[in-house]
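# Remarks on the overall topology
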Amino acid sequence: MSHDVPRTTPLTAAHRALGGRMVVFAGYEMPVQYPMGILKEHLWTREHAGAFDVSHMGPAFLDLTSRSGDAEADHGAVAAVIERLVCGDIAGLKPGQLRYTLLLNEAGGIVDDLIVGRPARADEQGRLYIVVNSGTKDADFALLTKASTGKATLTRADDGALIALQGPGAADVMGGLIPGVDDLTFMSFKQVNLQGQILLVSRSGYTGEDGFEILVPAGMAVSFWERLLANELTAPAGLGARDSLRLEAGLPLYGHDLDETVSPVEADLGFAVSKRRRKASDFPGAARIGRECAVGPSRLLVGLRVLEGAPAREGATITNETGEPLGNVTSGGFAPSLGASIAMGFVPPSSAVVGAPVKVVVRGRAQMAEVVTRPFVPHRYHR
Amino acid sequence: MRFTKDHEWVELDGDVATIGITGYAADQLGDVVFVDLPAVGKDVRAGEALAVVESVKAASDVFAPISGAVTAANGALADAPETVNDEPEGAGWFVKIKVSDRGAVGALMNRESYEAFLATL
């Protein structure tokens, strides 16, 4: 979404006060880095804890219009509403569980990747917590609202702050602020009461590290952010470090590695296609995805390590050793934790073999690269 | 030392000019992770792309402040690109150019003018 006047988050003034270098991203004025710089913010997050403002993203709630009072039936009913649009097993979520899933179009292309959660509390069954991407949120919410007509109501929650605290120190920092959050394991969430305000705390993130994503009411956003930063383990980190961290973690970024032409199978996101759903073939694009599961896709997203020369960024051509084009880099750059350049991009399955030598063309120069396993840097989730 | 509005610096010694980017430019770019330099012998024209400097986030063109032939490229930047951030107006130099028109260097901004220009940004 582009707007003439960039939107702000409840933390915009706090970023400026910290010396954040502000850019417009997805229509929001956001810090790309602080005075520490992207490289050090990245490394600090891998070693301690980085605090990120991700309020530009799209948190929302989907609530069943009329609940029966039977927890399982109500969860099943609201899950059925969203399952018409996504390929994940939402009905099978346990209370308090989050799941990564994909909104698909009829051609099996990815409309967005998102998180869907089932609240832990017995009195909240029939509700789903949803977080979609910033650039796609208005379209996603329109799609969800349309699919929910008469059955459920979508309520946006993107007027507050969504803060990600990521890194091996995140649990210590959060534990000092909110007792009991250390009980959460990766991809679970719960509601907590802090000084009379309701916060949603998720053990999740997009850096490959242990960490939390916290939905904070606007009125408490600045004080909560400041309390996170008051811990010496925490440094504020901007969008630049967020991108290099997620790239090293091998996680795809919507609008770059994923778009409406890319299927879950092509994106190597087969884990996000539920077995039950695939068997029932009951989601948009199920025919294509079933076919690709059976006979293989025509292209596959792979990790690349660039062995010489400049970083290969989005759009760079990937060729075989003799220079025949294989595909394009969809995201790439310098990996601070590896001290090397890495990338992700699409190649035919025949080239999607770990160790396969390829070339990436940067400013007309063909540079040696090789297909490597993702993640580039091991995930360290708290399971 | 002379400066351009694109934040390059030029230091003339005889008819050889050493060229780099200013401290302001290095700070704006952030942590430099790679510098793509031209080959020795290449003829460059003022205003054309001379080098590409890569930060974690992006690749940025560096334009030739003057015309001439490249006589040396700073090979030390291959192993230590961070020198551009640490000593932008010294060890972090990019290339040396044998200038065809020494007068073109004198026409660039002096430090006082460059600092006045920075104050307007």
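Residues numbered from 1 in each chain as written. Chains lettered and ligands numbered in written order. Predicted model: local features only at pLDDT ≥ 70, side-chain atom pairs only at ≥ 80, totals over all residues.

### Digging into the overall build of chain A
Counting its secondary structure elements, chain A contains 9 helices and 19 strands. Relative to the globule expectation of 21 Å for 383 residues, the C-alpha radius of gyration of chain A, 21 Å, shows essentially globular dimensions. In terms of principal-axis extent, the alpha carbons of chain A reach across some 65 × 50 × 45 Å. Per-residue burial over chain A gives 51% buried out of 383 residues. Across chain A, contacts joining residues at least 24 apart in sequence account for 66% of those joining residues at least 6 apart. (Helix = DSSP H or I, 4+ residues; strand = E, 2+ residues; numbered from the N terminus. Rg over C-alpha atoms; globule rule 2.2 N^0.38 Å. Buried ≥ 20, exposed ≤ 12 C-beta atoms within 10 Å, placed from the backbone. Contact = placed C-beta atoms within 7 Å.)

### Some words on the overall build of chain B
When you go through chain B residue by residue, the secondary structure sums to 5 helices and 9 strands. Reading chain B from its N end, one meets helices and strands in the order β-β-β-α-β-β-β-β-β-α-α-β-α-α. What you see for chain B is a C-alpha radius of gyration of 13 Å, in line with the 14 Å of a compact globule of 121 residues. Overall, the C-alpha framework of chain B stretches about 35 × 35 × 20 Å when taken along its three principal axes. Counting the 121 residues in chain B, one finds 40% classified as buried. Counting contacts in chain B only where the partners sit at least 6 residues apart, residues at least 24 apart contribute 62% of the total.

### A look at the sheet that holds strand β15 (residues 317-319) of chain A
Residues and elements named next belong to chain A. Taken in spatial order, the 6 strands line up as β14-β17-β16-β15-β18-β19 and close into a barrel, and their pairing is antiparallel. Pairwise comparison of adjacent strand axes, ignoring direction, gives a mean angle of 40 degrees for this sheet. Together, β16 (325-335) and β17 (340-347) form the strand contacts of helix α7 (residues 239-248), whose direction differs from that of β16 by roughly 125 degrees. (Pairing = 2+ DSSP bridges. Axes fitted to C-alpha atoms, helices over the stretch in contact; angles between N-to-C directions.)

### Some details on the domain arrangement of chain A
All names here are of chain A. Each assigned domain of chain A is listed with its residue range as follows: domain 1 (12-52 + 159-248), domain 2 (58-152) and domain 3 (298-372). In this structure, domain 1 and domain 2 have C-alpha centres spaced 24 Å apart. Taken together, the contact between domain 1 and domain 2 spans 12 residues of the former and 12 residues of the latter. Listed by contribution, the elements that provide at least two residues to the side of domain 1 that touches domain 2 are β10 (189-194) and β11 (197-202). Ranked by residue count, the leading element in the side of domain 1 that touches domain 2 is β10, at 3 residues. The residue makeup of the side of domain 1 that touches domain 2, split by class, is 7 nonpolar, 4 polar and 1 charged. (Domains from an automatic or database assignment. Nonpolar A, V, L, I, M, F, W, Y, C, P; charged D, E, K, R; others polar.)

### Structural notes on the interface of chain B and chain A
Of the residues lining the interface, 10 residues belong to chain B; the matching set on chain A comes to 14 residues. Element by element, the count of residues in the side of chain B that touches chain A is highest for strand β4 (residues 32-36) of chain B, at 3 residues. The residue makeup of the side of chain B that touches chain A, split by class, is 5 nonpolar, 1 polar and 4 charged.

### Some points on the environment of L103 of chain A
All names here are of chain A. Note on placement: L103 falls in strand β5 (residues 98-104). Between the C-alpha atoms of L103 and I82, which are 21 residues apart in sequence, the distance is 9.1 Å. Beyond its immediate sequence surroundings of up to four residues, L103 is in contact with L85, V86, V111, D112, L114, D140 and L143.

### Focus on helix α4 (residues 137-148) of chain A
Residue and element names in this part refer to chain A. Under the 1.5 Å per step criterion, the end-to-end length of α4 is 16 Å for 12 residues, consistent within 8% with the ideal 16 Å. Next to the buried residues of α4 lie β4 (58-64), α3 (71-83), β5, β6 (110-117), β7 (127-132) and β8 (152-156). One or two steps after α4, the chain reaches G150, where phi turns positive at roughly 80 degrees. (Expected span 1.5 Å × (residues − 1).)

### Some thoughts on the sheet that holds strand β2 (residues 8-13) of chain B
All names here are of chain B. Across the sheet, which stays open at both edges, the 6 strands sit in the order β1-β2-β3-β9-β8-β5 with antiparallel pairing between neighbours. A single partner strand is all that each edge strand has here, and the edge strands are β1 (2-3) and β5 (43-44). Both strand β3 (residues 16-21) and strand β9 (residues 95-99) contribute to a ladder of 4 bridges, which runs antiparallel. The residue of β9 that forms the bridge with T18 is K96.

### A short note on the pairing of β4 of chain B
Residue and element names in this part refer to chain B. Among the 5 residues of β4, 4 are classified as buried, and the element is accordingly described as predominantly covered. Sheet topology note: the β4/strand β6 (residues 49-55) ladder contains 4 bridges and is antiparallel. The residue of β6 that forms the bridge with V35 is V53.

### So, unusual backbone geometry
Residues and elements named next belong to chain A. Residue P375 is bonded to the preceding R374 through a cis peptide linkage, with omega at -5 degrees. Mapping P375 onto the fold places it in the segment after β19 (365-372). Residue A26 is not a glycine yet carries a positive backbone phi of 50 degrees. Checked against the element boundaries, A26 lands in the loop between β1 (21-25) and β2 (28-33). The class for A26 is buried, based on 20 C-beta atoms found within 10 Å.

### Description of the nonpolar core
All names here are of chain A. Ranked by internal contacts, the top residues of the largest apolar core, which has 134 residues, are L62, I163, L165, L304 and V360. Look past the residues within four positions of L62 in its chain and what remains in contact with it is V78, V81, I82, R127, L128, I130, L144, S148, A152 and L154. If you look at the next biggest cluster of nonpolar residues, it comprises 5 residues, including A26, M30, V32 and L239. (Core = buried A, V, L, I, M, F, W, Y, C linked by C-beta atoms within 7 Å.)

### Section: the environment of K98 of chain B
Residues and elements named next belong to chain B. Within the element layout of this structure, K98 appears in strand β9. With 14 C-beta atoms counted inside 10 Å, the residue K98 sits in the partly exposed group. Sequence separation between K98 and A46 is 52 residues; the distance between their C-alpha atoms is 13 Å. Every residue in contact with K98, bar those within four places of it in the chain, is listed here: D15, V16, G68, A69 and T71.

### Focus on the packing of helix α2 (residues 38-47) of chain A against α7 of chain A
For any two helices packed against each other, one specifies the crossing angle of their axes together with the interaxial distance. Residue and element names in this part refer to chain A. For the pair α2 and α7, interaxial distance at closest approach is 8 Å and the crossing angle is 55 degrees. Considering the angle they form, α2 stands oblique to α7. For the pair α2 and α7, the crossing hand works out as right-handed. When α2 is examined against α7, the residues I38, E41, H42 and T45 are found in contact with a partner set consisting of G240, A241, S244 and L245. The residue inventory of the contact of α2 with α7, partitioned by class, reads 3 nonpolar, 4 polar and 1 charged. (Parallel < 35°, antiparallel > 145°, perpendicular 65-115°, else oblique. Left-handed = near helix turned anticlockwise from the far one by under 90°.)

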